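In case you want the letters, here they are:
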Amino acid sequence: MNTVIGVIGGSGIYDIDGLEGAEWTSVSSPWGAPSDQILTGTLEGVKMAFLPRHGRGHVHAPSTVPYRANIDALKRLGVTDVISVSACGSFREDMAPGDFVIVDQFVDRTFAREKSFFGTGCVAHVSVAHPTCPRLSEACFTAASAAGITVHNGGTYLAMEGPQFSSMAESKMYRDSWGCDVIGMTNMPEAKLAREAELCYASIAMITDYDSWHPDHGAVDINAIIATLHGNADKGRALVARLPALLGADRVPCPHGCDRALDYAILTAPDARDPALLAKLDAVAGRVL
Ligand SMILES: CSC[C@H]1O[C@H](OP(=O)(O)O)[C@H](O)[C@@H]1O
Ligand SMILES: Nc1ncnc2[nH]cnc12
């Protein structure tokens, strides 16, 4: 099996350079239109697929990003490993703007998004106890370190609905009572859907601000975020460029079982399954259906 690296670029990252045979490709999905076309190509002999999460021109808000269509479209292109690159705020003094965090846990506070490919007619329950892939996350940490980026290995990401930033009371609660490290608006349900689609998922959080808890930094300022984003985006691209060499073109099964997440997940009896839903699940769950 071949490795195909899928990169979901967040705010400030709308393309990547250096791909051989780069081409923007339209992918249709039964889950609706993805955020944009997908840039496909090869880097150091490894296939890559890049999707701007908000679309080129930043069209989609965090609540309206078509998360299911995006993950389904990447799966249809043969993607095996998804790297999410996102802007985020920090709850930790030592996780400063400009630093990267390889996220390994989430608290999902989103409430206005479709969170599963499954439902009436085909019910499935996958585990997200460990929502990111340790192997892929390790490769991201190694790539970031080699690219000279200040990177923190592990952190809990609070996924909020947005689009407004948090109040100071919320920010302090997420930090002091809930023990979260960073905050953003997009990694959920993306990570859950990647698990349902049996894709390895790693999240690179690029810190742009201290949210609103920090006594010396005041409220989140979008202009300051954008200034930091420009520096972060180049570092993000440098990190991604190192991944093909680390992951290699020949893919061995995930030692953590991400690519077998559906083995025992589907509860609906075969004769009770909804044919229309099964048809939509062809890419995501075709391996087990
Ligand atoms: C530009 S600040 C708020 C915006 O940025 C982040 O987007 P992404 O995760 O796609 O990089 C954050 O989650 C908000 O959507
Ligand atoms: N402070 C913050 N809260 C939520 N999303 C963000 N994206 C960047 N900074 C953020």
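Residues numbered from 1 in each chain as written. Chains lettered and ligands numbered in written order. Predicted model: local features only at pLDDT ≥ 70, side-chain atom pairs only at ≥ 80, totals over all residues.

For the protein, an unreviewed UniProt entry supplies the name S-methyl-5'-thioadenosine phosphorylase and the organism Thalassovita taeanensis. Check the Pathway (unreviewed entry) section of the UniProt entry for the protein; it says "Amino-acid biosynthesis; L-methionine biosynthesis via salvage pathway; S-methyl-5-thio-alpha-D-ribose 1-phosphate from S-methyl-5'-thioadenosine (phosphorylase route): step 1/1." Regarding the protein, the UniProt comment filed under Sequence similarities (unreviewed entry) reads as follows: "Belongs to the PNP/MTAP phosphorylase family. MTAP subfamily." (UniProt positions renumbered as here; feature names shortened; annotations may be inferred.)

*Asks:* Give me the lowdown on the nonpolar core, citing residues and values where you can.
*Replies:* By size, the foremost hydrophobic cluster in this structure holds 85 residues, and its most contacted members are Val7, Val82, Ile83, Cys140, Val182, Ile204 and Ala205. Those residues in contact with Val82 that sit more than four places away from it in its chain are Gly6, Ile8, Leu74, Ala194, Leu199, Cys200 and Tyr201. (Core = buried A, V, L, I, M, F, W, Y, C linked by C-beta atoms within 7 Å. Buried ≥ 20, exposed ≤ 12 C-beta atoms within 10 Å, placed from the backbone. Contact = placed C-beta atoms within 7 Å.)

*Asks:* Could you give an account of the site of ligand 2, naming the residues involved and the relevant values?
*Replies:* Neighbouring residues of ligand 2: 13 residues in total, closest Ala87, Gly89, Ile183, Gly184 and Asp211. Every element with two or more residues in the shell around ligand 2 is listed here: strand 5 (81-90), strand 10 (182-184) and strand 11 (200-209). Element by element, the count of residues in the shell around ligand 2 is highest for strand 5, at 3 residues. Residues belonging to the shell around ligand 2 are distributed by class as follows: 8 nonpolar, 3 polar and 2 charged. (Near = placed C-beta within 6 Å. Helix = DSSP H or I, 4+ residues; strand = E, 2+ residues; numbered from the N terminus. Nonpolar A, V, L, I, M, F, W, Y, C, P; charged D, E, K, R; others polar.)

*Asks:* How would you sum up the site of ligand 1? Please name residues and give values.
*Replies:* Inspection of the region around ligand 1 gives Gly10, Ser11, Arg53, His54, Pro62, Ser86, Ala87, Gly162, Gly184, Met185, Thr186 and Ile225 as its neighbouring residues. Considered class by class, the residues forming the shell around ligand 1 number 4 nonpolar, 7 polar and 1 charged.

*Asks:* Can you explain the environment of Lys47? Please cite residues and give values.
*Replies:* Mapped onto the elements of the fold, Lys47 is located in strand 4 (residues 46-52). C-beta crowding within 10 Å serves as the criterion here: with 21 such atoms nearby, Lys47 is assigned to the buried category. Sequence separation between Lys47 and Val65 is 18 residues, and the spatial gap between their C-alpha atoms is 25 Å. Apart from residues lying up to four places away in sequence, Lys47 is in contact with Asn2, Val4 and Thr42.

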